[in-house]
Amino acid sequence: MSWKAWLIVAVLLVVLGIVLGGVYAGLIASAIGGAAVQRARRREREHIKQQQEVKKQKITKIEQINRDLKMETKVLQHKTNADLKRDVLKDAGDILGE
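Small disclaimer: the values here were computed from a predicted structure and weren't measured.

(A) Region of interest: the overall build of the chain. Along the backbone of the chain there are one helix and zero strands. Relative to the compact-globule value of 13 Å for 98 residues, the chain shows a C-alpha radius of gyration of 42 Å, a clear excess of over 25%. Buried residues in the chain amount to 0% of all 98 residues.

(B) Molecular detail of the environment of Leu84. Within the secondary structure, Leu84 is located in helix α1 (residues 3–97). Exposure remark for Leu84: the relative accessible area of 48% places this residue in the partly exposed category. Separated by 77 residues in the primary sequence, Leu84 and Leu7 have C-alpha atoms spaced 114 Å apart.

(C) Looking closely at a positive patch on the surface. A cluster of basic side chains, namely Arg39, Arg41, Arg42, Arg43, Arg45 and Lys49, defines a positive patch on the protein surface. Among the residues examined, Arg39 registers a relative accessible area of 40% and is labelled partly exposed.

Each value, and the rule that gives it
Here the residue numbering is sequential within each chain, running from 1 through the sequence in written order. For this predicted model, a pLDDT threshold of at least 70 governs which residues receive local features, and a threshold of 80 or more governs which side-chain atom pairs are given and counted, while totals over whole chains, interfaces and linings are taken from all residues. Side-chain metrics rest on all non-hydrogen atoms present in the structure, leaving aside hydrogens and water. Helix and strand labels come from DSSP, where a helix needs a run of H or I of at least four residues and a strand needs a run of E of at least two; each type is numbered from the N terminus. C-alpha atoms define the radius of gyration in this analysis, and the globule rule sets the expected value at 2.2 Å times the number of residues to the power 0.38. Partly exposed residues are those whose accessible area sits between 20% and 50% of the maximum for their type, while under 20% is buried and over 50% is exposed, using a 1.4 Å probe and protein chains only. In this scheme, patches are assembled from residues that exceed 30% relative accessible area and form no salt bridge. Like charges are connected within 9 Å, while nonpolar side chains (Val, Leu, Ile, Met, Phe, Trp, Tyr) are connected within 5 Å. Surface accessibility follows the Shrake-Rupley procedure with a 1.4 Å probe radius. Residue values consider only the protein chains on display as shielding. In what follows, salt bridge is the name for a side-chain nitrogen of Lys or Arg lying within 4 Å of a carboxyl oxygen of Asp or Glu. Charge assignment in this entry is limited to Lys and Arg as positive and Asp and Glu as negative, and neither His nor the chain termini are counted. Working definition for charges: the position is that of NZ of Lys, CZ of Arg, CG of Asp or CD of Glu.

The values reported here are purely geometric and, on their own, carry no functional implication.
Shown next, in the form of structure tokens:
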């Protein structure tokens with residue numbers, strides 16, 4: 001082969017190397033980008049789970065406060081009723097004692 005043929009073969013090999021290198025670089029970049037997207041989605045899911053957990057905790061606290069208020073209301077109603085009965089009996093005793 002003449003030197004012109006070798007030159008053409010060398011140029012073609014360089015061009016082939018550049019093309020294949022670009023393809024592999026594209027594949028590698030795609031893989032890296034895909035991994036980054038997966039990490040971002042995973043972080044987003046974890047963030048949403050944390051928000052849901054905080055929301056559940058707040059709801060649980062509100063429900064507990066509601067139960068406590070209902071119990072306090074019942075206790076206060078019972079005390080109020082007992083106070084009223086005592087006052088009525090006291091008044092009755094005062095009336096009868098007169």
